[in-house]
Amino acid sequence: MSTALLLGKSIAMGVAIAAPLGPIGALCIQRTLARGFASGVAGGLGTALADAAYAAAAAAGFATFAALLQKISGPLGLVGGVFLLWLAWRGWPRGGGGAVRAAAVPEPRGLWATTLTTFALTMTNPATILSFAAIFAGLGLARTASVGAAVTVVVGVFAGSMLWWIFLSGLVAALHHRLPGAFAQWTARISSVMMGAFGIWALWHALA
């Protein structure tokens, strides 16, 4: 497989994993509405770094990676489920009016805290892990043998994921002022409900 084709597949994989509107996507939209474009991109950076970390582990040895995921899926599901439930509780808007409570983490810690929180959420999200393994195998990226090919996969996955989060954050920020005043509050509520549902599912799956 040529380097250009491998890079293209890896970028496509990064976009494919990031694009579905799961709890992380909802959280990115909520943060962008509440804090602006930079906060959305900071959260996206955390997700892209987590995707790149999984890509590095998978490219280093797909069979070992799959076996490791099987062993740690239970503990990761428990941690991820509890984390999602906490984010759902923190993110639910309180009080009346159109004001939106700042997204699921305290603002004073800044953008780096947003990046680290989203990184941890992505690393412990069972849905992300399962989709990552499936798409990785489906695109034939499990057969990357050389160090150069592995680096290409990691760079491509990171770039694809980051491109999606920049696009999503930019789109939400651009449309923010054209949306009804209550839109941000309803987005926060939907985001919290979605994260809570994913959290319950993750806990049920891990315990089952």
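What you see is a predicted model, and the numbers here were worked out from it, not measured in a lab. (Residues numbered from 1 in each chain as written. Predicted model: local features only at pLDDT ≥ 70, side-chain atom pairs only at ≥ 80, totals over all residues. Heavy atoms only, no water.)

**Let's talk about the overall build of the protein**
- Scanning the protein for helices and strands turns up eight helices and zero strands.
- In the protein, which comprises 208 residues, the share counted as buried stands at 45%.
- By sequence separation, contacts in the protein at least 24 residues apart represent 88% of the contacts at least 6 residues apart.
- Accessible area of the protein: about 9,700 Å², with a carbon and sulfur share of 74%. (Helix = DSSP H or I, 4+ residues; strand = E, 2+ residues; numbered from the N terminus. Buried < 20%, exposed > 50% of the residue type's maximum accessible area, 1.4 Å probe, protein only. Contact = heavy atoms within 4.5 Å. Areas by Shrake-Rupley, 256 points an atom, 1.4 Å probe, with all protein chains shown as cover.)

**Re helix α1 (residues 3-18)**
- With 16 residues, α1 extends 22 Å from end C-alpha to end C-alpha; this agrees with the ideal 22 Å at 1.5 Å per step.
- When we look at burial in α1, the residues that qualify are Leu 6, Ser 10, Met 13, Gly 14, Ile 17 and Ala 18. Angular distribution of buried residues about the axis of α1 spans 120°; they occupy a single face of the element. (Expected span 1.5 Å × (residues − 1). Arc of directions from axis to C-beta.)

**Focus: the packing of helix α2 (residues 23-35) against helix α7 (residues 147-175)**
- Contact geometry for α2 and α7: axes closest at 9 Å, N-to-C directions at 40°. The angle between α2 and α7 falls in the class oblique. At the point where α2 passes α7, the crossing takes the right-handed sense. Contact with α2, carried on its side by Ile 24, Gly 25, Cys 28, Ile 29, Thr 32 and Leu 33, involves Trp 165, Leu 168, Ser 169, Val 172 and Ala 173 of α7 and no other residues of that element.
- Taken together, the residues of the contact of α2 with α7 break down into eight nonpolar, three polar and no charged. (Axes fitted to C-alpha atoms, helices over the stretch in contact; angles between N-to-C directions. Parallel < 35°, antiparallel > 145°, perpendicular 65-115°, else oblique. Left-handed = near helix turned anticlockwise from the far one by under 90°. Nonpolar A, V, L, I, M, F, W, Y, C, P; charged D, E, K, R; others polar.)

**Quick look at the packing of aromatic side chains**
- For the structure on display, the rule yields one aromatic pair.
- Ring geometry for Trp 164 against Phe 167: centres 5.6 Å apart, planes inclined by 45°, an arrangement best described as tilted. Highlighted residues: Trp 164 and Phe 167, both in helix α7, separated by three residues, approximately one helical turn. (Phe/Tyr/Trp six-rings, centres within 6.5 Å; stacked < 30°, edge-to-face > 60°.)

**A word on a nonpolar patch on the surface**
- Taken together, Leu 7, Val 147, Val 151 and Val 155 make up a surface patch of nonpolar side chains, about 350 Å² in accessible area.
- For the nonpolar patch, the element with the highest residue contribution is α7, accounting for three residues.
- As for its position among the elements, Val 151 is in helix α7. (Patch = residues over 30% accessible without salt bridge, like charges linked within 9 Å, V, L, I, M, F, W, Y side chains within 5 Å. Salt bridge = Lys/Arg side-chain N within 4 Å of Asp/Glu carboxyl O.)

**Notes on the environment of Phe 37**
- In this fold, Phe 37 is placed in helix α3 (residues 37-60).
- Once the C-alpha coordinates of Phe 37 and Leu 168 are considered, the two residues, 131 residues apart in sequence, prove to be 9.4 Å apart.
- Not counting residues within four places of it along the chain, the set of residues in contact with Phe 37 comprises Thr 32, Ile 166, Ser 169, Gly 170 and Ala 173.

**A closer look at α2**
- With 13 residues, α2 extends 18 Å from end C-alpha to end C-alpha; this agrees with the ideal 18 Å at 1.5 Å per step.
- Judged by how many residues are buried, α2 sits mostly within the fold: 11 of 13 residues are covered.
- When α2 is considered as a whole, its buried residues turn out to be Pro 23, Ile 24, Gly 25, Ala 26, Leu 27, Cys 28, Ile 29, Gln 30, Arg 31, Thr 32 and Leu 33.
- Gly 36, located one to two residues past α2, shows a positive phi value of around 105°.

**Here we look at the confidence of the model for the protein**
- Across the protein, pLDDT averages 75, with 67% of residues at or above 70.
- Within the protein, no element has a lower average pLDDT than helix α6 (residues 126-138), which sits at 63, and none a higher one than α7, at 88.
- The low-confidence segment residues 96-108 (pLDDT under 50) makes 34 contacts with residues lying over four places distant or belonging to another chain. (pLDDT = per-residue confidence, 0-100.)

**Quick word on the packing of α1 against α7**
- Axis separation between α1 and α7 bottoms out at 7 Å; the angle between their running directions is 40°. Relative to α7, the element α1 lies oblique. At the point where α1 passes α7, the crossing takes the right-handed sense. Packed against α1, whose contacting residues are Thr 3, Leu 6, Leu 7, Ser 10, Ile 11, Met 13, Gly 14, Val 15 and Ala 18, the element α7 presents Ala 149, Thr 152, Val 153, Gly 156, Val 157, Ala 159, Gly 160, Ser 161, Trp 164 and Trp 165 at the interface.
- By residue class, the composition of the contact of α1 with α7 is 12 nonpolar, seven polar and no charged.

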